[in-house]
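# Structure at a glance
What follows is the residue order along each chain.
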2 protein chains.
Amino acid sequence: MATGRTHRPATRSRGIPEATVARLPLYLRALTALSERSVPTVSSEELATAAGVNSAKLRKDFSYLGSYGTRGVGYDVEYLVYQISRELGLTQDWPVVIVGIGNLGAALANYGGFASRGFRVAALIDADPAMAGKPVAGLPVRHTDELESIITDNDVSIGVIATPAGAAQQVCDRLVAAGVTSILNFAPTVLSVPEGVDVRKVDLSIELQILAFHEQRKAGEETTSAQEPAAVQPRSGAAVRTPAAGRAAGKGPDGDVPAVMPA
Amino acid sequence: MATGRTHRPATRSRGIPEATVARLPLYLRALTALSERSVPTVSSEELATAAGVNSAKLRKDFSYLGSYGTRGVGYDVEYLVYQISRELGLTQDWPVVIVGIGNLGAALANYGGFASRGFRVAALIDADPAMAGKPVAGLPVRHTDELESIITDNDVSIGVIATPAGAAQQVCDRLVAAGVTSILNFAPTVLSVPEGVDVRKVDLSIELQILAFHEQRKAGEETTSAQEPAAVQPRSGAAVRTPAAGRAAGKGPDGDVPAVMPA
DNA sequence: CATTGTGAACGATTTCACAGCC
DNA sequence: GGCTGTGAAATCGTTCACAATG
């Protein structure tokens, strides 16, 4: 099913760069903490430290939103909270559905951050008939058959996919057909969606693999690497070359799980 | 807080750009799928489609690894699987610990992708004495008291933090003190770590907020007609974005106090 | 006079386009 | 002929440094 494709000049974000958008929630969290402690104003330096970025970047980011600071003083915390919330669209309520109520889906349903800031879990959906009706995080699990009606009845535009990889594309297609235009995908698959639909992906094993890369590099650093098995003969004609499947030196014969889907 | 100078000159990746490293796991997954279907070779175009990127980028990425393809033919699937696995450090076994066995921690423990590709869950750790001994995903939960000995005994260098935000920094400090040098953080907090320790962050509410931003823009477009030069609305395509890289960050004088906490 | 806001320099990443090779 | 590998160009993101200003 060739599909895939779909790239575009990326977000024509009308001003605000994508990288900045990705940091706004970070600033918002830091500001909310300050707000709860009734701190009235904050400098770019302080806020940057709290958010884990540097101050120049923060000021540049804010400059895309407008001039919300006061020279010589800093930023008004409450005002900034409001401005960023508005910019992110969090002043309105976003109903979301979570599809796939396994371990991960249940964890997501219980995630406090959902309810707390602009998001409301409209429904939990699972394909297993045995799950139907069972309460998870205070909501009854609904069967996949109801997916379309749930979406339209609640005007859901954001969907979270926490199904096994094999089911993700199908679920995605149904969500999109029913009107969802933003998807947060936890399944380890590349989803193909029509233009106009946004997909963000969260992938545990990818994060771990990136860590492993850096970890490996640290380890090798001590011995000034250059450990290329010089014998590498890319002469890809065929022939020699260690069998893939990599993975070596297991501790125990622990079932190496052929893993049909890297779940 | 001396100017939170905790930044490393950004990965001294010795050759391979960070952006490329972040995509290698994607390629690896696509290649593994091809391998399971016994596909012998693949072109950059096909593989790129399967991985959800464009072919020029993929070829450029591979060029940092070496010349592993054959002009006029493509790439040998098995060979590439091996090379990427090796580059990522997945030919060895990485023991990891998961700290915080709530909903999320349990979900992670059950995550098939852990065991399946180079990672082995060495232990599950929780601060709740009532949890101790209870089996989760086939492993008995261990108490936090044992954290240090577990790390050293198993030579763990990668830790996963799935605790509430308030406990994260403390857990992080103990992990690092015990020898962990890579951390995957699910708690919504900025962790401060000494130089040489890598932190990656996965934050659900941030991902949702980014989606909300784009969702809002789509909604607003309909009413406030965009004055984009092009007649057709050039909206964001189906860009799939992975969470931004989590770099180490300056410390935070505040205690914790994030607005949201995971289960 | 401390601090914002921002042009301009710099650096990283993506895309183009085509030479080189099988 | 088809496809890789890669310089060069284009784009995007970060950092510098300082003028503007409450």
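These numbers come from a predicted model, not from an experiment. (Residues numbered from 1 in each chain as written. Chains lettered and ligands numbered in written order. Predicted model: local features only at pLDDT ≥ 70, side-chain atom pairs only at ≥ 80, totals over all residues. Heavy atoms only, no water.)

## Things to note about the overall build of chain A
Each helix and strand in chain A was counted, giving 9 helices and 10 strands. Expressed as a percentage of its 263 residues, the buried residues of chain A come to 50%. A total accessible area of about 12300 Å² is found for chain A, and carbon and sulfur atoms account for 55% of it. (Helix = DSSP H or I, 4+ residues; strand = E, 2+ residues; numbered from the N terminus. Buried < 20%, exposed > 50% of the residue type's maximum accessible area, 1.4 Å probe, protein only. Areas by Shrake-Rupley, 256 points an atom, 1.4 Å probe, with all protein chains shown as cover.)

## Notes on the nonpolar core
With 111 residues, the main nonpolar core has A:Ile84, A:Phe114 and B:Ile84 as its most contacted residues. If we skip the residues at most four places from it in the chain, A:Phe114 touches A:Val96, A:Ile98, A:Leu108, A:Ala109, A:Phe119, A:Arg120, A:Val121, A:Val160, B:Leu204 and B:Leu208. (Core = buried A, V, L, I, M, F, W, Y, C linked by side-chain atoms within 4.5 Å. Contact = heavy atoms within 4.5 Å.)

## Quick notes on the protein's contact with DNA strand C
Residues in close proximity to DNA strand C total 24 residues, the closest being A:Ser44, A:Arg71, A:Tyr75, B:Arg23 and B:Asn54. Counting only the atoms of DNA strand C within 4 Å of the protein, the fraction contributed by sugar and phosphate is 64%. Take A:Arg71: an N or O atom from its side chain is 2.9 Å from a base oxygen of DNA strand C. Residue B:Arg23 places a side-chain N or O atom 2.7 Å away from a phosphate oxygen belonging to DNA strand C. Put simply, the parts of the chain that give the surface near DNA strand C at least two residues each are helix H3 (55-65), strand S2 (69-70) and strand S3 (74-76) of chain A together with helix H1 (18-36) and helix H3 (55-65) of chain B. Split into classes, the residues belonging to the surface near DNA strand C amount to 5 nonpolar, 10 polar and 9 charged. (Near = heavy atom within 4 Å. Polar contact = N/O pair within 3.5 Å; in protein donor to acceptor, adjacent residues only side chain to side chain. Nonpolar A, V, L, I, M, F, W, Y, C, P; charged D, E, K, R; others polar.)

## What to know about the packing of helix H7 (residues 147-154) of chain B against helix H8 (residues 165-178) of chain B
All names here are of chain B. Closest axis-to-axis distance for the H7/H8 pair is 9 Å, and the angle between their directions is 35°. The hand of the H7/H8 crossing is right-handed. For the pair formed by H7 and H8, the contact residues are Leu 147, Glu 148, Ile 151 and Thr 152 on the first element and Arg 174, Leu 175 and Ala 178 on the second. Taken together, the residues of the contact of H7 with H8 break down into 4 nonpolar, 1 polar and 2 charged. (Axes fitted to C-alpha atoms, helices over the stretch in contact; angles between N-to-C directions. Left-handed = near helix turned anticlockwise from the far one by under 90°.)

## Here's the deal with the sheet that holds S2(A)
All names here are of chain A. Taking strand neighbours across the sheet as the criterion, the 3 strands line up as S1-S3-S2 in an open arrangement whose pairing is antiparallel. Both edges of this open sheet fall to strand S1 (41-42) and S2, since each of them pairs with a single strand only. Packing of helix H4 (residues 77-88) onto the sheet brings it into contact with S1 and S3, and relative to S3 it is tilted by some 70°. (Pairing = 2+ DSSP bridges.)

## With respect to the UniProt feature "binding site: NAD(+)" (unreviewed entry) in chain A
On the UniProt side, "binding site: NAD(+)" (unreviewed entry) is annotated at positions that read A:Gly100, A:Ile101, A:Gly102, A:Asn103, A:Leu104 and A:Gly105 here. Locating A:Asn103 in the fold gives a position in helix H5 (residues 103-110). What makes A:Asn103 partly exposed here is its relative accessible area of 39%. Beyond its immediate chain neighbours, meaning those up to four positions away, A:Asn103 contacts B:Asn103, B:Ala106, B:Ala107 and B:Asn110. One can find A:Leu104 in helix H5. (UniProt positions renumbered as here; feature names shortened; annotations may be inferred.)

## Observations regarding the packing of aromatic side chains
All names here are of chain A. Applying the stated criterion across every chain yields a total of 6 aromatic pairs over all chains. Ring geometry for Tyr 68 versus Tyr 79: centroids 5.4 Å apart, planes at 75°, classification edge-to-face. Placement of Tyr 68 in the loop between H3 and S2 and of Tyr 79 in helix H4 is noted, with a sequence separation of 11 residues between them. Residue classification places Tyr 68 among the buried positions, given a relative accessible area of 19%. An aromatic cluster is built from Tyr 27, Phe 62 and Tyr 75, whose rings are joined through pairwise contacts. (Phe/Tyr/Trp six-rings, centres within 6.5 Å; stacked < 30°, edge-to-face > 60°.)

## Quick word on the pattern of salt bridges
Under the criterion given, the structure shown has 16 salt bridges over all chains. For A:Glu148, the salt bridge identified is with A:Arg174, shortest N-O distance 2.8 Å. One end of the pair, A:Glu148, is in helix H7 (residues 147-154); the other, A:Arg174, is in helix H8 (residues 165-178), and 26 residues separate them in sequence. Note that A:Asp203 is salt-bridged to B:Arg29, the shortest N-O span being 2.7 Å. With A:Asp203 in the loop between strand S10 (198-201) and helix H9 (204-221) and B:Arg29 in helix H1, this pair bridges two chains. Of the residues examined, A:Asp203 reaches a relative accessible area of 1% and is grouped as buried. Through salt bridges with shared partners, one network takes in A:Asp198, B:Glu215 and B:Lys218. (Salt bridge = Lys/Arg side-chain N within 4 Å of Asp/Glu carboxyl O.)

## Focus: the sheet that holds strand S7 (residues 139-143) of chain B
Residues and elements named next belong to chain B. Overall, mixed pairing links the 7 strands, which are arranged S6-S7-S5-S4-S8-S9-S10 in an open sheet. This sheet does not close on itself; its edge strands, each paired only once, are strand S6 (135-136) and strand S10 (198-201). Of the pairings in the sheet, the one linking strand S8 (residues 158-161) to strand S9 (residues 182-185) comprises 4 bridges and is parallel in character. Looking across to S9, one finds that Ile 161 is bridged to Asn 185.

## Considering the protein's contact with DNA strand D
Near DNA strand D there are 23 residues, and of these A:Arg23, A:Asn54, A:Arg71, B:Ser44 and B:Tyr75 occur at the shortest range. The protein-proximal atoms of DNA strand D, defined as those within 4 Å of the protein, are 64% sugar or phosphate. Taking A:Asn54, its side chain carries an N or O atom lying 2.8 Å from a phosphate oxygen of DNA strand D. In the environment of DNA strand D, a phosphate oxygen lies 2.6 Å from a nitrogen or oxygen atom belonging to the side chain of B:Ser44. Going through the elements one at a time, helix H1 (18-36) and H3 of chain A together with H3, strand S2 (69-70) and strand S3 (74-76) of chain B are the ones with two or more residues in the surface near DNA strand D.

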